[in-house]
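Structure at a glance
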Amino acid sequence: MEYHRPNPDRRRALELLAASRHGYSKAILRAHGFSIDMMVDLVKAGLATTKRERMVAGGRQTDIVRVRITEAGRQALAKMSK
């Protein structure tokens, strides 16, 4: 799937992901106002990737989904900034 002109929310999401070395959890991105559908679109377009990780919070193990920008996402963001 080729990704053409992203809307401002998609650009903002890519900028946020680009600023984080380790990406953000799906919950954090939702707290920033990004929808699951938009995150799925970024992944399908090859601009972001997801990884399920285990973490311990409050003595309990839980799974989280971390979203990271891809190199293609960085290139798309650079093109948007021109």
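Everything discussed here concerns the structure shown above.
Bear in mind the structure is a predicted one, so any value in this text is a computation, not a measurement. (Residues numbered from 1 in each chain as written. Predicted model: local features only at pLDDT ≥ 70, side-chain atom pairs only at ≥ 80, totals over all residues. Heavy atoms only, no water.)

Some thoughts on the overall build of the chain
The line we're drawing: Secondary structure elements are taken from DSSP: a helix is a run of H or I of four residues or more, a strand is a run of E of two residues or more, and numbering for both begins at the N terminus. For every residue, the accessible area (1.4 Å probe, protein chains only) is compared with the maximum for its type, and the residue is labelled buried under 20%, exposed over 50%, or partly exposed between those bounds. By definition, residues are in contact when any of their heavy atoms lie within 4.5 Å. For the accessible areas, the method is Shrake-Rupley and the probe is 1.4 Å, while residue cover comes only from the protein chains on display.
Per the secondary structure count, the chain includes four helices and three strands. The N-to-C order of helical and strand elements in the chain reads α-β-α-α-β-β-α. Along the first, second and third principal axes, the C-alpha set of the chain runs to 45 × 25 × 20 Å. Expressed as a percentage of the 82 residues in the chain, the buried residues total 32%. Intrachain contacts of the chain at a sequence separation of at least 6 include 50% that bridge at least 24 residues. Summed over its atoms, the accessible surface of the chain is roughly 5700 Å², and 48% of this surface lies on carbon and sulfur atoms.

A word on the packing of helix 1 (residues 8-18) against helix 4 (residues 71-80)
When two helices pack together, their arrangement is given by the angle between the helix axes and the distance between those axes. The cut-off we apply is this: For helices, the axis comes from a line fit to the C-alpha atoms of the stretch in contact; other axes are also lines fit to C-alpha atoms, and the angle between any two N-to-C directions lies between 0 and 180 degrees. Convention used here: angles under 35 degrees read as roughly parallel, angles over 145 as roughly antiparallel, angles from 65 to 115 as roughly perpendicular, and any remaining angle as oblique. Left-handed is the label given to a crossing in which the near helix is rotated counterclockwise from the far helix by less than a right angle, and right-handed is the label when the rotation is clockwise.
Two numbers describe how helix 1 lies on helix 4: the axes approach to 10 Å, and their chain directions differ by 120°. Here helix 1 lies oblique to helix 4, going by the angle between them. Crossing geometry of helix 1 relative to helix 4 is assigned as left-handed. In this structure, helix 1 contributes Arg11, Leu14, Glu15 and Ala18 to the contact, and helix 4 contributes Gly73, Arg74, Leu77 and Met80.

Examining the pairing of strand 3 (residues 60-69)
Threshold: Strands pair, by our definition, only if DSSP identifies at least two bridges between them.
Here two bridges tie strand 1 (residues 24-25) to strand 3, and the two strands are oriented antiparallel to one another. What sits directly across from tyrosine 24, in strand 3, is valine 67. Pairing geometry for strand 2 (residues 48-57) and strand 3, over 10 bridges, is antiparallel. The residue of strand 3 that forms the bridge with arginine 52 is valine 65.

Regarding helix 1
The criterion, for reference: To obtain the arc, one takes the directions from the helix axis to the C-beta atoms.
By the burial criterion, the buried members of helix 1 are Ala13, Leu14, Leu16 and Leu17. Mapping the buried residues of helix 1 onto a view down its axis gives an arc of 160°, with all of them on the same face. Residues of helix 1 that are buried in the fold lie against strand 1, helix 2 (26-31), helix 3 (36-44), strand 2, strand 3 and helix 4.

Structural notes on the nonpolar core
Within soluble globular proteins, side chains that are nonpolar tend to cluster in buried spots. Applicable threshold: What is meant by a nonpolar core is a set of buried Ala, Val, Leu, Ile, Met, Phe, Trp, Tyr and Cys residues, joined one to another through side-chain atoms within 4.5 Å.
Formed by 17 residues in total, the largest nonpolar core has its most connected members in Leu14, Leu17, Leu29, Phe34, Leu42, Leu47 and Val67. Secondary-structure elements contributing two or more residues to this core are helix 1, helix 3, strand 3 and helix 4.

Topic: helix 4
Where helix 4 is concerned, the buried positions are Gly73, Ala76, Leu77 and Met80. Looking straight down helix 4, one finds that the buried residues subtend no more than 100° of arc, so they occupy a single side. The exposed residues of helix 4 that point more than 90 degrees off its buried face are Glu71 and Lys79. In this structure, the buried residues of helix 4 make contact with helix 1 and strand 3.

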